[in-house]
Amino acid sequence: PPLVWRQPCGGGYASFVVGEGLAFTIEQRRDEEAVVAYELDTGREAWIHRYPAHFDHWMGGDGPRATPTYHQGLVYSLGAAGEFCCLGAANGRLLWRNNVLTNNGATNLLHGLAASPLVYGDRVVVLGGEAPQGNSIVAYHRLTGQRLWSALDDKPAYASPVLAEFAGKPHVLIVSTTRVVGLSPEDGATLWDYPWRVQGGNSVCPPLVLGTNRFLISAGYGAGCALVEVTPSAAGLAATEVWRNRNLRNKFNPSVFWQGHAYGLDEGVLCCLDLATGKQRWRGGRYGYGQLLLASGHLIILSGSGELILARADPASLVELVRAPALSGKTWNVPALAH
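The structure reproduced in this document is the subject of the present report.

About the cut-offs
Residues numbered from 1 in each chain as written. Predicted model: local features only at pLDDT ≥ 70, side-chain atom pairs only at ≥ 80, totals over all residues. Heavy atoms only, no water. Pairing = 2+ DSSP bridges. Helix = DSSP H or I, 4+ residues; strand = E, 2+ residues; numbered from the N terminus. Axes fitted to C-alpha atoms, helices over the stretch in contact; angles between N-to-C directions. 1 Å grid on protein atoms, 1.4 Å probe; cavity = no way out; pocket = protein on both sides within 12 Å on 5 of 7 lines; lining within 4 Å. Points joined across faces, edges and corners; volume = space filled by probe spheres on them. Nonpolar A, V, L, I, M, F, W, Y, C, P; charged D, E, K, R; others polar. Phe/Tyr/Trp six-rings, centres within 6.5 Å; stacked < 30°, edge-to-face > 60°. Buried < 20%, exposed > 50% of the residue type's maximum accessible area, 1.4 Å probe, protein only. Lys NZ or Arg CZ within 6 Å of the ring centre and 35° of its normal. Polar contact = N/O pair within 3.5 Å; in protein donor to acceptor, adjacent residues only side chain to side chain.

**Thoughts on the sheet that holds strand β13 (residues 137-141)**
Turning to step 1, where the next piece is worked out: Here we have 4 strands laid out as an open sheet, ordered β11-β12-β13-β14, and antiparallel in their pairing. Strands with a single pairing partner mark the edges of an open sheet, and in this sheet they are β11 (118-120) and β14 (147-151). Here the average twist between neighbouring strands, direction ignored, is 25°.

**Focus: the layout of surface pockets**
Turning to step 1, where the next piece is worked out: For the largest pocket, the calculated volume is near 1800 Å³.
Turning to step 2, where the next piece is worked out: If you trace the largest pocket, you find 46 residues lining it, with W5, F16, A326, L327 and P335 closest to the centre.
Turning to step 3, where the next piece is worked out: For the lining of the largest pocket, the class distribution of residues is 30 nonpolar, 11 polar and 5 charged.
Turning to step 4, where the next piece is worked out: Within this model, the second largest pocket holds a volume of roughly 1200 Å³.
Turning to step 5, where the next piece is worked out: Taken together, 44 residues line the second largest pocket, and the ones lying closest to its centre are A114, S160, V204, P206 and F252.
Turning to step 6, where the next piece is worked out: At the level of elements, β19 (208-210) and β27 (291-295) are the ones that each hand at least two residues to the lining of the second largest pocket.
Turning to step 7, where the next piece is worked out: In terms of residues, the lining of the second largest pocket owes the most to one element, β27, which gives 3 residues.

**Describing the packing of aromatic side chains**
Turning to step 1, where the next piece is worked out: Counted according to the given criterion, the structure contains 14 aromatic pairs.
Turning to step 2, where the next piece is worked out: Seen from their ring centres, F166 and F215 are 6.2 Å apart, and the 25° between their planes marks the pair as stacked. Of this pair, F166 sits in strand β15 (residues 162-166) while F215 sits in strand β20 (residues 214-219), placing them 49 residues apart in sequence. Comparing F166 with F215, the two get one shared label, buried.
Turning to step 3, where the next piece is worked out: One aromatic cluster in this structure is built from Y13, F252, Y289 and W332.
Turning to step 4, where the next piece is worked out: Sitting over the ring of Y289, K251 keeps its end group 4.6 Å from the ring centre.
Turning to step 5, where the next piece is worked out: Above the ring of W332, the side-chain terminus of K330 is found at 4.1 Å from the ring centroid.

**Some details on the side chain of R123**
Turning to step 1, where the next piece is worked out: For R123, the position within the fold is in strand β12 (residues 123-127).
Turning to step 2, where the next piece is worked out: A relative accessible area of 16% places R123 in the buried class.
Turning to step 3, where the next piece is worked out: Here E186 takes part through its backbone oxygen, which lies 3.1 Å from a polar atom of the side chain of R123.

Structure follows, in structure tokens:
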């Protein structure tokens, strides 16, 4: 593919979110975190919002982790040390800010806050740090920053919250260090939970929603994967394990769902999983701790070393169509598809 433009940027593990002809991300620039908008067609920096913050860890490296969220002309960004901002997408003007750690009496996670904000109606839901008294998950009013509800005493993991509809009800799926929880986005009430533990509390990969009542949860560090079904019960709703095995161990990026199969990086090796049985259809292609997207029946894969690959989402075998160098160095940032 032809190179359209190339632009230097700061460090970190956030991806881009696209809206209004701009690509928004959050970067580390020396001793400041910077929320930046780039023109999609040229790569030119359109605006920047910066503030003093510098998270660093000897193993994971420095910089913010969570991809910003775009919604109806606003950008919501969460820094690695808890700075939570709402900005105008057109000009970067700060509308409101909170620090989710200091506001909720929480301590930061070992590898920093990594979960993207989730917008539902007039609420924006964020995962904070390790907080007492039901303050680890917080919802703010998306226009004013007013705190609307908080939930859970669990220590959060690193996976972003996911919106789903199970049994005709909206859910926010939260991954903590001990379980997957379904919360009501209206008030944060717990609807059900499913036990899920990963070595060191390192659940990084969000759940993959499958249709109207099932999701796939997966993690590395020997955890494997499980297919879970949420159904009505005498107590309201219950999460039941359909199958569980170690045939898929996603590290950072969740698998993608296409025609009854999941395609994902199993500890850096691409594999295809039959979701009806949990069995591997094939496993091959070493892409390191990279990331992938689904687009029109194809897989867009960005390897851990920055190589870009296009492959078919084919349950019969791995079929690579093209590969090209894109970035250099450790690439743990998922690509973003625009237009």
